[in-house]
Amino acid sequence: MKELVEVIAKSLVDHPEEVVVTETENDKSIVIELRVAQMDMGKVIGKQGRIAKAIRSVVKAAASRAEKKVIVEIMQ
């Protein structure tokens with residue numbers, strides 16, 4: 001999941017070298033934290049959060065095999 005979010009985020013932003021993705025897993029869920037440069041936040045979130053929702057949907061579909069809840073958090 002971490003690699004998927006990283007590839008998507010790097011393709012969206014102007015400063016891909018500043019994209020940092022961390023993954024924390026426990027028995028029931030996986031938390032993925034996405035950090036981007038301050039000036040790229042709008043590109044990752046999108047108008048009315050549409051890009052963020054799309055990223056979460058893609059990750060959720062990819063995680064359906066793992067039978068765990070996946071949470072994608074976009075951090076500053």
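Remember, it's a predicted structure, so these values are computed and weren't measured experimentally. (Residues numbered from 1 in each chain as written. Predicted model: local features only at pLDDT ≥ 70, side-chain atom pairs only at ≥ 80, totals over all residues. Heavy atoms only, no water.)

1. Notes on the overall build of the protein
The secondary structure content of the protein amounts to 3 helices and 3 strands. N-terminal to C-terminal, the α/β element order of the protein is α-β-β-α-α-β. Its C-alpha atoms give the protein a radius of gyration of 12 Å, near enough to 11 Å, the size a compact globule of 76 residues would have. Expressed as a percentage of the 76 residues in the protein, the buried residues total 28%. Restricting to contacts in the protein with at least 6 residues of sequence separation, those with at least 24 account for 54%. Accessible area for the protein stands at about 5,000 Å²; split by element, carbon and sulfur atoms hold 52% of it. When the 13 positive and 12 negative side-chain charges of the protein are each reduced to one mean point, those points stand 8 Å apart. (Helix = DSSP H or I, 4+ residues; strand = E, 2+ residues; numbered from the N terminus. Rg over C-alpha atoms; globule rule 2.2 N^0.38 Å. Buried < 20%, exposed > 50% of the residue type's maximum accessible area, 1.4 Å probe, protein only. Contact = heavy atoms within 4.5 Å. Areas by Shrake-Rupley, 256 points an atom, 1.4 Å probe, with all protein chains shown as cover. Lys, Arg positive; Asp, Glu negative; His and termini not counted. Charge placed at Lys NZ, Arg CZ, Asp CG, Glu CD.)

2. Considering the pairing of strand β1 (residues 20–25)
Each regular strand shows side chains that alternate between the opposite faces of the sheet. Both β1 and strand β2 (residues 29–35) contribute to a ladder of 6 bridges, which runs antiparallel. Bridged to V21 within β2 is L34. From the end of β1 to the start of β2, which pair antiparallel, there are 3 residues. (Pairing = 2+ DSSP bridges.)

3. Points about unusual backbone geometry
Keep in mind that most residues, glycine aside, have a negative phi and that most peptide bonds are trans. Even without glycine at this site, Q48 takes up a positive phi of about 55 degrees. The exposure class assigned to Q48 is exposed, which follows from its relative accessible area of 67%.

4. What about the environment of S57?
Its location among the elements puts S57 in helix α3 (residues 50–62). Taking relative accessible area as the criterion, S57 reaches 47% and is therefore assigned partly exposed.

5. Side note on the nonpolar core
In a soluble, globular protein the nonpolar side chains are often hidden away together inside. By size, the foremost hydrophobic cluster in this structure holds 16 residues, and its most contacted members are V19, I32, L34, V36, V59 and V70. Of all the secondary-structure elements, those providing two or more residues to this core are α1 (2–12), β2, α2 (41–45), α3 and β3 (69–75). By residue number, the principal contributor to this core is β2, which donates 3 residues. The contact partners of V70, leaving out residues within four places of it in the chain, are I30, I32, V59 and A63. (Core = buried A, V, L, I, M, F, W, Y, C linked by side-chain atoms within 4.5 Å.)

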